[in-house]
Amino acid sequence: MLKERLIDALGSDAVKTAPEDLAVYAFDAYTDGRLPTAVVLPASTRDVSAVVKVARACGEPIIARGAGTGLCGGAVPIIGGVVISFARMNRILSLDAHNYRAHVQPGLINLDLSNHVASDGLFYAPDPASQKISTIGGNIATNAGGPHCLSYGTTVNHVLALEVVDDRGEVFTTSCDDPGYDLTAALVGSEGTLGIVTSAWVRLMRLPEAVRVWVAAFGDIDAASAAVSAIIAGGIVPTALEMMDAVITQAVEAAFHAGYPTDAAAVLLIENAGFEDDMATCESAIAAIVKEHGALSWRAAHTAEERAALWAGRKGAAGATGRIAPNYYTQDLCVPRSKLPQALRAVEEAASAHRITVGNVFHAGDGNLHPLLMYDKRRRDQVGAVVETGNAILRSAIDLGGTISGEHGVGWEKREAMTRVYSTADLATMARVRDVFDPQRALNPEKIFPSGARCAEVTPP
Ligand SMILES: Cc1cc2nc3c(=O)[nH]c(=O)nc-3n(C[C@H](O)[C@H](O)[C@H](O)COP(=O)(O)OP(=O)(O)OC[C@H]3O[C@@H](n4cnc5c(N)ncnc54)[C@H](O)[C@@H]3O)c2cc1C
């Protein structure tokens, strides 16, 4: 019945129900997966609207899916349902370079947008390390960050308006240019639970006149962390301020030969972009701070190729860990910058208690850590160990005054952990917002909100 009605609405080419097709959509980049009932590949907003109407009439939940690079099980269909893949809605609908805006479909790959507008001297600022593959729709739904979000802000600061299909299949638009409630901001980061984004008007920025990239190497992680804190406390907010430990730089160098020292305990990758006239002052201020904090070496990338190689290494770091173990589980936590040394020690302690190899590559300037826990998915004991290690790391983040996610979202993975940072009343307020948009919890169910007795107030009636 469901299959026939979906085929009537979209055509057989856009509907997948064969087990081998469904298996592909059972996972994102989290450790676990579940099968959908059906997968659809709409080509237009009208198609999405029709799918939602059919799914609702058949009592099936609806799960939006971009590239499936989410790290918290956000795009995984926990109780079955119709997965809407945006692979065929991946176009730039219009570009208004004069007013720095683009209207895009949700399946557009993040980096494709920046590449397309570069000839107009523009770029799209949010740059998750997954930007070569993750989509604008997924980035909006997770409020994605990235290395350059330290100075440019996260996705929410770059979305101007949205076209959305609601839980009944009706289309509405939001706009942050106009008065009234800022529903654009409410939708960004809502992980597909408030509506399905079918197009977005996004802000573009002018490519900077000058860019500098520096690498500072340290003999110990505490000194590198202290330098990060000192740079920002000194009133300098570079465009990006990233840290990698030795486990990561060694894997990255083996894979990419990017130019990082492999004998340092920690390496900072620092970028500043802006006006040429400001670069020398910025460079000497940052160089002085890292040297005061005992940097073993400090060097500038001299060419655009060197800069690109360093960034390719940084953004490819997770993939490079394939040299260490067949799988990695990425944790995502935030702590106040001044607590980075304690947080990194807690990561190390949790990993060694569970005999897990850990590598750290993260947005240090934001205090946003990403321990990569290496394991073999085929070994059940190792799966359990990485999940327990991840939980211990999250507990330590909270103890240090931090939080359970910096940018990857809550999804399926962290919904129970929400009770560690929010009271029942806080969560009930969020649940009331959700109920306004989607009272039957048909959109991406079993995500964000915890289950269980403690949260009776936030479970659906
Ligand atoms: C190697 C690697 C590096 C990463 N680096 C970063 C990083 O630096 N910063 C960062 O923030 N994240 C990072 N991530 C995580 C991930 O890439 C981001 O969360 C990204 O935004 C997910 O995009 P996606 O297209 O893959 O979405 P999916 O994984 O397909 O979906 C993510 C969520 O968005 C929802 N969704 C997707 N499309 C829509 C839509 N059209 N309407 C409504 N909801 C929708 C899904 O239901 C799901 O809840 C990284 C992941 C990997 C694997």
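Remember, predicted model here, so these are calculated numbers, not experimental data.

S.K.: Tell me what's going on with the domain arrangement of the chain, and back it up with residues and numbers.
M.R.: Under the domain assignment used here, the chain contains domain 1 (2-85), domain 2 (92-206), domain 3 (210-318), domain 4 (325-399) and domain 5 (418-458). On a C-alpha basis, the centroid separation for the pair domain 4 and domain 5 is 26 Å.

S.K.: Help me get a handle on the site of the ligand, residues and values and all.
M.R.: Around the ligand lies a shell of 36 residues, among which Ala-64, Gly-66, Thr-69, Ser-130 and Thr-135 are the nearest. Gly-66 is positioned such that a nitrogen or oxygen atom in its backbone is 2.7 Å from an oxygen atom of the ligand. At 3.4 Å from an oxygen atom of the ligand is found a side-chain nitrogen or oxygen belonging to Asn-444. Relative to its unbound accessible surface of 990 Å², the ligand loses 94% to contact with the protein. For the shell around the ligand, the elements supplying multiple residues, two or more each, are β3 (62-65), α5 (136-142) and β10 (196-203). Considering every element that reaches the shell around the ligand, the biggest residue donor is α5, with five residues.

S.K.: Hey, could you go over the packing of helix α8 (residues 221-233) against helix α10 (residues 276-292) for me, with residue numbers and the actual values?
M.R.: In the contact formed by α8 and α10, the axes pass within 9 Å of each other and the chain directions differ by 145°. The handedness of the crossing between α8 and α10 comes out as right-handed. Where α8 abuts α10, its residues Ala-227, Ala-230 and Ile-231 lie against Ile-286, Ile-289 and Val-290. Of the residues contributing to the contact of α8 with α10, the split by class is six nonpolar, no polar and no charged.

S.K.: An account of the pairing of strand β12 (residues 210-218) is requested, with residue identities and associated values reported.
M.R.: The side chains of a regular strand alternate between both faces of the sheet. The buried fraction of β12 amounts to seven of the nine residues, a majority that puts the element mostly inside the structure. Relative to strand β14 (residues 266-274), β12 runs antiparallel, the two being bridged by nine bridges. Bridging across to β14, Ala-216 finds its partner in Leu-268.

S.K.: Tell me about the sheet that holds strand β4 (residues 82-85), residues and numbers included.
M.R.: Spatially, four strands are ordered β1-β2-β4-β3 in an open sheet, and the strand pairing comes out mixed. The outermost strands of the open sheet, each flanked by one partner alone, are β1 (15-16) and β3. Bridge count between β3 and β4: four bridges; the pairing is parallel. Bridging across to β4, Ala-64 finds its partner in Ile-84. Against the sheet, helix α1 (residues 2-10) engages β1, β2 (38-40) and β4, with an angle of about 5° to β2.

S.K.: Can you explain the state of the cysteines? Please cite residues and give values.
M.R.: When the sulfur atoms of two cysteines share a covalent bond, that bond is a disulfide. Taken as a whole, this structure holds zero disulfides when the rule is applied. Not engaged in a disulfide, the cysteine Cys-72 finds its nearest cysteine sulfur in Cys-334; these two sulfurs lie 14 Å apart. Left unpaired, Cys-176 is separated from the closest cysteine sulfur, that of Cys-149, by 16 Å. A residue is classified by how much of its surface remains accessible, and Cys-176, at 31% relative accessible area, is partly exposed.

S.K.: So, the sheet that holds strand β6 (residues 101-104): which residues are in play, and what are the values?
M.R.: Taken together, five strands build an open sheet; the order of strands is β5-β6-β10-β8-β9 and the sheet is antiparallel. Edge strands, defined here as strands with exactly one partner in the open sheet, are β5 (92-96) and β9 (171-175). Averaged over all pairs of adjacent strands, the angle between their axes in this sheet comes to 15°, without regard to strand direction. Pairing between strand β8 (residues 159-165) and β10: six bridges, direction antiparallel. Bridge pairing in β10 links Val-164 to Val-197. Packed onto the sheet, helix α3 (residues 45-57) meets β8, β9 and β10 and runs at close to 45° relative to β8. Across the face of the sheet, helix α4 (residues 110-117) comes into contact with β5, β6 and β10 while running at roughly 40° to β5.

S.K.: Could you give me a rundown of the nonpolar core, with the residues and numbers involved?
M.R.: Within the largest apolar cluster, 59 residues are counted, with the highest numbers of intra-cluster contacts made by Phe-218, Met-243, Leu-268, Ile-270, Ile-286, Val-290 and Leu-369. Look past the residues within four positions of Ile-270 in its chain and what remains in contact with it is Arg-212, Val-213, Trp-214, Ile-231, Pro-238, Ala-240, Leu-241, Ile-286, Val-290 and Trp-298. With 22 residues, the next largest nonpolar core counts Val-213, Ala-264, Leu-269 and Leu-372 among its residues.

Cut-offs applied
Residues numbered from 1 in each chain as written. Predicted model: local features only at pLDDT ≥ 70, side-chain atom pairs only at ≥ 80, totals over all residues. Heavy atoms only, no water. Domains from an automatic or database assignment. Near = heavy atom within 4 Å. Polar contact = N/O pair within 3.5 Å; in protein donor to acceptor, adjacent residues only side chain to side chain. Areas by Shrake-Rupley, 256 points an atom, 1.4 Å probe, with all protein chains shown as cover. Helix = DSSP H or I, 4+ residues; strand = E, 2+ residues; numbered from the N terminus. Axes fitted to C-alpha atoms, helices over the stretch in contact; angles between N-to-C directions. Left-handed = near helix turned anticlockwise from the far one by under 90°. Contact = heavy atoms within 4.5 Å. Nonpolar A, V, L, I, M, F, W, Y, C, P; charged D, E, K, R; others polar. Buried < 20%, exposed > 50% of the residue type's maximum accessible area, 1.4 Å probe, protein only. Pairing = 2+ DSSP bridges. Disulfide = S-S within 2.5 Å. Core = buried A, V, L, I, M, F, W, Y, C linked by side-chain atoms within 4.5 Å.

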